[in-house]
Amino acid sequence: MSDIWSLYSEKVMEHFKNPRNVGEIENPDGVGRVGNPVCGDIMELYIKVNDGIIVDAKFKTFGCGAAIASSSMVTEMVKGNSIEEALKISNKAVAEALDGLPPVKMHCSVLAEDALKAAIENYLSNSTSPL
Amino acid sequence: MRRIYLDHAATTPTRPEVVKAMLPYFTDAFGNASSIYSYGREARGAVEEARIKVAELIGARGEEVIFTSGGTEADNYALKGVAYANERKGNHIITTSIEHHAVLEVCRFLGRRRFQITYLPVDKYGLVDPDDVKRAITDKTILISVMHANNQVGTIEPVEEIGKIAREAGVYFHIDAVQTLGHIPVDVDELKVDLLAISAHKLYGPKGVGALYVRKGTRLVSFMHGGEQEKRRRAGTENVPAIVGLGRAVELAGQEMGKEVERLAYLRDKLIKGLVEKIDHIRLNGHPTRRLPNNVNVSVDFVEGESLLLNLDLEGICASTGSACSSASLEPSHVLLALGLPAEQAHGSLRFTLGRENTEADVEQVLEVLPGIVARLRAMSPLLKTQK
């Protein structure tokens, strides 16, 4: 596994060492939970939405260095976005923001995109429920 | 930063005494061991001396030792060599579900051809039941292959009992002794083995050299075709310096084994005890007592192995994990799954394997930094909350 070390960019290591937005949001407007223990990655993403703008995002992740860095990065990217903008954040964009991920770790960025989409879907299904 | 190497099951540093023994055979004594003039005779003498040293450590005769490029080649040769030489007798091979890939992948290869492979299960400690071996034997069985001790969890298998069963059934018995030779006594007659795989770089010898012990009279085909080296079984000019290195490493291991085993077992037990005391929700993988003296393998609940390793590496500590977040399959260690661990615990495994240069201070350093790392990772783990 030692090859993975040298393949992680400084940015990945920086986010891994000091992950942003770790934790949960109390009374979140949307929660997304993706991944499974068999693959060794589980990601939970919480969002707070005000007037269609994501004002806060937090995460909890069980996973490797790339999974933790991807979670940290996607929460950073999404804050201040409208729902529409947030839905456009792709796994590639997350990976690029981290100065790239090793090929075998690209699935971690996919997980980050999926977690965000799941949280937004959860928010939309809550907010459109009959009043 | 002081680096602490705790991955001796992966590889070991080559001892200076070993390097010193090897050096002349790169330069002054560079001859081809097959040449008849003085340079050749020097090289031949060194190769044969190393062969005797390897044979002595395992209670064999020199003529029963074949040099290879390492443990993987020795395992490949044992399995393929016996399989293809004994096809008329049968096509059934018995092995276990926790073997090293150097055995498992050969079995899968043979299994896709005309051979039938039985993969025996293990108990929660990683032990193979000799009765299972006995029951699996059919009139088509030609080979039983069981590792002496498991490289990941350190469990020492009951190979002596299995050897007895194999001998009574008239079936060849191969053991992978890569993790045990130099750590615990290995005697081919006591264990009743017909084939035994050895690697030099796991016992402070150089990489790229190993040996296969083949009991006299064992039928197996040649592995490499070409020149007449290694009695035509493994052709190719001998890697003389590496073979000399293997011989010296084996010699040193034999001289120092007893005391070093005691020292390592003490450090091992101190590390296990300390980890269990200092970290909640942590468990030892493998057998509590039938265990390699240098192996500590634990599962840390709610966290993933690679992130543990990265954090340890940032502290200068080198260990390994059964998590496979980086492999294409994403499946965790086949060994830990065979022990019955759920996937998330297999992903949270950490292996420390101690060696000659490790001290009590190294163990204390691990115990000092790991609890903090675990706490930090658990604080961001979604699994912990689910448990509450």
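These figures come from a predicted structure and were not determined experimentally. (Residues numbered from 1 in each chain as written. Chains lettered and ligands numbered in written order. Predicted model: local features only at pLDDT ≥ 70, side-chain atom pairs only at ≥ 80, totals over all residues.)

The next subject is the overall build of chain B. Regarding its fold elements, chain B presents 12 helices and 12 strands. Against the globule reference of 21 Å for 388 residues, chain B gives a C-alpha radius of gyration of 22 Å, in line with a compact fold. In terms of principal-axis extent, the alpha carbons of chain B reach across some 70 × 55 × 35 Å. A burial count over chain B gives 52% of its 388 residues as buried. Counting only contacts in chain B whose residues sit at least 6 apart along the sequence, the fraction spanning at least 24 positions is 71%. (Helix = DSSP H or I, 4+ residues; strand = E, 2+ residues; numbered from the N terminus. Rg over C-alpha atoms; globule rule 2.2 N^0.38 Å. Buried ≥ 20, exposed ≤ 12 C-beta atoms within 10 Å, placed from the backbone. Contact = placed C-beta atoms within 7 Å.)

Now for helix H11 (residues 360-379) of chain B. All names here are of chain B. Helix length check: H11, at 20 residues, gives a terminal C-alpha distance of 30 Å against a target of 28 Å (1.5 Å per residue), a fit within 8%. Taken as a whole, H11 carries its principal kink of about 25° at Val369; the proline Pro371 stands between one and four residues after it. Among all positions in H11, only Asp362, Val363, Val366, Leu370, Ile373, Val374 and Leu377 are buried. Where H11 is buried, its residues touch strand S1 (4-5), helix H7 (240-278), strand S10 (295-300), helix H8 (305-314), strand S11 (317-318) and strand S12 (349-353). (Expected span 1.5 Å × (residues − 1). Bend = angle between axes of the 7 residues up to and from the residue.)

We now examine the domain arrangement of chain B. Residues and elements named next belong to chain B. What the domain assignment lists for chain B is domain 1 (4-9 + 257-387) and domain 2 (16-253). In this complex, domain 1 contributes 22 residues to the contact, which on the side of domain 2 involves 22 residues. Broken down by secondary-structure element, the contributors of at least two residues to the side of domain 1 that touches domain 2 are H7, S10 and helix H9 (334-338). For the side of domain 1 that touches domain 2, the leading source of residues is H9, giving 3 residues. (Domains from an automatic or database assignment.)

A few words on the confidence of the model for chain B. A low pLDDT score tells you not to read the predicted coordinates there in detail. This prediction gives chain B a mean pLDDT of 96; 97% of its residues lie at or above 70. Note on the complex model: pTM 0.94, ipTM 0.91. (pLDDT = per-residue confidence, 0-100.)

With that settled, consider the nonpolar core. The biggest cluster of nonpolar side chains holds 87 residues, and the ones touching the most others in it are Leu196(B), Ala211(B), Leu212(B), Tyr213(B) and Leu246(B). In terms of residue count, H7(B) provides more of this core than any other element does, 9 residues in total. Both domains that furnish three or more residues to this core are identified here as domain 1 (4-9 + 257-387) and domain 2 (16-253) of chain B. The contacts of Ala211(B), once residues within four sequence positions are left out, are Val54(B), Val65(B), Ile66(B), Phe67(B), Thr68(B), Ala74(B), Ile198(B) and Leu246(B). Of all hydrophobic cores here, the second largest spans 63 residues; its members include Phe16(A), Phe62(A), Leu354(B) and Leu377(B). (Core = buried A, V, L, I, M, F, W, Y, C linked by C-beta atoms within 7 Å.)

Our focus in this paragraph is the interface of chain A and chain B. Listed as interface residues are 21 residues of chain A and, on the opposing side, 21 residues of chain B. Counting residues per element, the side of chain A that touches chain B draws most heavily on strand S3 (residues 53-62) of chain A, which supplies 3 residues. Here the side of chain A that touches chain B is built from residues that sort into 14 nonpolar, 4 polar and 3 charged. (Nonpolar A, V, L, I, M, F, W, Y, C, P; charged D, E, K, R; others polar.)

On to the sheet that holds strand S1 (residues 30-36) of chain A. Residue and element names in this part refer to chain A. The 3 strands lie next to each other as S1-S2-S3, forming an open sheet whose pairing is antiparallel. The strands lining the two open edges of the sheet, one partner per strand, are S1 and S3. Direction aside, neighbouring strands of the sheet carry axes that sit 15° apart on average. Two elements, S1 and strand S2 (residues 41-50), share 7 bridges in a ladder whose sense is antiparallel. Each residue of the ladder has a partner; that of Gly35, found in S2, is Ile42. Those strands touched by helix H3 (residues 65-78) are S2 and S3, and its axis lies near 175° from that of S3. In the packing of helix H6 (residues 106-127) onto the sheet, contacts are made with S1 and S2, and the angle to S1 comes to roughly 145°. (Pairing = 2+ DSSP bridges. Axes fitted to C-alpha atoms, helices over the stretch in contact; angles between N-to-C directions.)

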